[in-house]
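Listed below, chain by chain, are the residues.
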Amino acid sequence: MGLNEKPLSTLHEKASYDLADFEVPTGREEAWRFTPLSRLKGLHNGEAASSEAVGHVRVDVDAAPEVTVETVGRDDARVGKSFVPGDRVSAQAWNSFEKATVITVPREAVTSKHTVLTLTGSGDGAAYGHIVVKVEPLAEAVIVLDHKGSAVYADNIEFIVGDGANLKVVSLQDWDDDAVHVSHHHAQLAKDATFRSFVVTFGGDLVRLSPSVSYTAPGGDADLSGVYFVDAGQHLEHRLLVDHSQPNCKSNVDYRGALQGQDAHAVWIGDVIIRVEAEGTDTYELNRNLILTDGARADSVPNLEILTGEVAGAGHASASGRLDDEHTFYLQARGIPYDEARRLVVRGFLGQLIEKIQIEEIRERVFGALEAELAR
């Protein structure tokens, strides 16, 4: 380990609700070195919060009948219970939001349909948000987060999954082309809890999404999947942290992306920590990127820190490469034109994950968006 390299666990030690505890990023920090700070429109340095320009993100909820939906103030005791901000933008969002949306799934309830939160951006300035999804013990629910419109938006989302509960989340970043979104998803898993997350990021000028998972008791099982398609000039960044601090928990991460066009930039960071007390952990993380044209760039950094010798399994893999000429040649040799062969290869590559989305209309919408991207 070089002089400037720190153990992974130390990179995530800093956490505070106090904005003053975080220095303004310069781009030299490990956590910010891939992010074009000049395109964050002041979310990272306080300029957005102090601007007179006003932005707004409206939250509309189409809830399952078993679910309780509340809009609460900052002083509600349920808000901020499961996480502490780990970077400056998360702390800025925490200090700047006015109202939070709290979704509660009662004990042992099995929701009869998925609950959709539609977040629609408008206005010229920045907006800040906070959402809490609390799934009480032995309950089961499916939540969809659908982001659209134009916004400069920073938010924190808490997923609190109780003993033996099961939560599935689909988060769609389907913003207009000028949107900037910096979001933190914090999942906290209790004993024998199951969490399934599926992230789809196609829209926006700059999207930086940081999903994290923590465990409060043994038996937690987290699966984090994601697909992204990056066009010319877009910056789409996904930074994952799975912190195994309890014995006999599982995690699986699989993110895949396709990139096309000049200055299309994808960033994927996958941090997994297995702490001394987390014996029996079973974890794997994978990121794959398919680069379709010249001028596109994918940065992929899997990090695994194991502090115990007693693990059930731990591994990671990362691969970024060009569209395989052999694949397209095979199809072209059977009379399929190049553009159609390219479409079939990309659809197959990302479609393996998209098929995991169990809500048919969402799955078909994502496939439709993928087709539109490939037709550009």
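Thresholds, definitions, all that
- Residues numbered from 1 in each chain as written.
- Predicted model: local features only at pLDDT ≥ 70, side-chain atom pairs only at ≥ 80, totals over all residues.
- Heavy atoms only, no water.
- UniProt positions renumbered as here; feature names shortened; annotations may be inferred.
- Helix = DSSP H or I, 4+ residues; strand = E, 2+ residues; numbered from the N terminus.
- Rg over C-alpha atoms; globule rule 2.2 N^0.38 Å.
- Contact = heavy atoms within 4.5 Å.
- Areas by Shrake-Rupley, 256 points an atom, 1.4 Å probe, with all protein chains shown as cover.
- Lys, Arg positive; Asp, Glu negative; His and termini not counted.
- Charge placed at Lys NZ, Arg CZ, Asp CG, Glu CD.
- 1 Å grid on protein atoms, 1.4 Å probe; cavity = no way out; pocket = protein on both sides within 12 Å on 5 of 7 lines; lining within 4 Å.
- Points joined across faces, edges and corners; volume = space filled by probe spheres on them.
- Nonpolar A, V, L, I, M, F, W, Y, C, P; charged D, E, K, R; others polar.
- Buried < 20%, exposed > 50% of the residue type's maximum accessible area, 1.4 Å probe, protein only.
- Pairing = 2+ DSSP bridges.
- Axes fitted to C-alpha atoms, helices over the stretch in contact; angles between N-to-C directions.
- Expected span 1.5 Å × (residues − 1).
- Arc of directions from axis to C-beta.
- Salt bridge = Lys/Arg side-chain N within 4 Å of Asp/Glu carboxyl O.

- Per an unreviewed UniProt entry, the chain carries the name Fe-S cluster assembly protein SufD and comes from Nonomuraea terrae.
- Its UniProt record gives the chain the following Sequence similarities (unreviewed entry) comment, quoted word for word: "Belongs to the iron-sulfur cluster assembly SufBD family."

1. Examining the overall build of the chain
Working step 1: Scanning the chain for helices and strands turns up six helices and 18 strands.
Working step 2: In terms of overall size, the chain behaves like a compact globule, its C-alpha atoms giving a radius of gyration of 20 Å where 376 residues would be expected to give roughly 21 Å.
Working step 3: In terms of principal-axis extent, the alpha carbons of the chain reach across some 60 × 55 × 55 Å.
Working step 4: Considering only contacts in the chain between residues 6 or more positions apart, those separated by 24 or more positions represent 86%.
Working step 5: About 15800 Å² of surface is accessible on the chain, with carbon and sulfur atoms providing 47% of the total.
Working step 6: Seen as two clouds, the 35 positive and the 58 negative side-chain charges of the chain have centres 1 Å apart.

2. Observations concerning the UniProt feature "domain: SUF system FeS cluster assembly SufBD core" (unreviewed entry) in the chain
Working step 1: Listed under "domain: SUF system FeS cluster assembly SufBD core" (unreviewed entry) in the UniProt record, and renumbered for this structure, are residues 123–349.
Working step 2: The distance separating the terminal C-alpha atoms of residues 123–349 is 37 Å; by composition the span is 9% helix and 62% strand.

3. As for the layout of surface pockets
To find leftover empty space, one rolls a probe the size of a water molecule over the atoms.
Working step 1: What the second largest pocket holds in volume is close to 480 Å³.
Working step 2: Taken together, 21 residues line the second largest pocket, and the ones lying closest to its centre are His56, Val57, Glu98, Lys99 and Tyr128.
Working step 3: For the lining of the second largest pocket, the elements supplying multiple residues, two or more each, are β1 (55–62), β2 (68–73), β3 (99–105) and β5 (126–135).
Working step 4: Within the lining of the second largest pocket, the residues separate by chemical class into 11 nonpolar, seven polar and three charged.

4. Re unusual backbone geometry
Working step 1: Look at Glu108: it is not a glycine, yet its phi comes out positive at around 70 degrees.
Working step 2: The backbone phi angle of Asp192 is positive, close to 55 degrees, even though this residue is not glycine.
Working step 3: Asp192 gets classed as partly exposed once you look at its relative accessible area, which sits at 40%.

5. A word on the sheet that holds strand β4 (residues 115–123)
Working step 1: Within the open sheet, the nine strands sit side by side as β1-β4-β6-β8-β10-β12-β14-β16-β18. Their pairing is mixed. Strand pairing shows two members of the sheet lacking a second neighbour, β1 and β18 (311–322), which therefore form its edges. Taken pair by pair, the neighbouring strands of this sheet meet at an average axis angle of 10 degrees, ignoring direction.
Working step 2: Two strands pair when backbone bridges link them, and strand β6 (residues 140–149) and strand β8 (residues 166–173) are joined in this way by eight bridges, in the parallel orientation. Of the residues in β8, the one forming a bridge with Val144 is Val170.

6. Some points on the sheet that holds strand β15 (residues 265–274)
Working step 1: Within the open sheet, the nine strands sit side by side as β2-β3-β5-β7-β9-β11-β13-β15-β17. Their pairing is mixed. The open sheet has two edge strands with one neighbour each: β2 and β17 (297–306). Ignoring which end each strand starts from, the neighbouring axes of this sheet average 10 degrees apart.
Working step 2: With six bridges connecting them, β2 and β3 associate as antiparallel partners. Counterpart to Val69 in the pairing with β3 is Ile103.
Working step 3: Sheet strands touched by helix α3 (residues 88–96): β5, β7 (152–161) and β9 (180–189). Its angle to β7, the strand with the most contacts, is close to 85 degrees.

7. Considerations on helix α6 (residues 360–374)
Working step 1: Its 15 residues place the ends of α6 21 Å apart at the C-alpha level, agreeing with the 21 Å of an ideal helix rising 1.5 Å per residue.
Working step 2: Among all positions of α6, only Ile362, Arg363, Val366, Phe367, Leu370, Glu373 and Leu374 are buried. For α6, the arc enclosing every buried residue in end-on projection is 135 degrees, short of the 170-degree limit, so these residues lie on one face.

8. With respect to the pattern of salt bridges
Working step 1: Inspection of every chain in the model, using the stated rule, returns 26 salt bridges.
Working step 2: The salt bridge partner of Asp146 is Lys148, with a shortest N-O separation of 3.8 Å.
Working step 3: Classification of Asp146 by relative accessible area gives buried; the value is 5%.
Working step 4: Relative accessible area serves as the criterion here: at 32%, Lys148 is assigned to the partly exposed category.
Working step 5: For Glu237, the salt bridge goes to Arg239, with nearest N and O atoms at 2.8 Å.
Working step 6: For Glu237, a relative accessible area of 0% translates into the label buried.
Working step 7: Connected via shared salt-bridge partners are Asp87, Arg208, Glu237 and Arg239.

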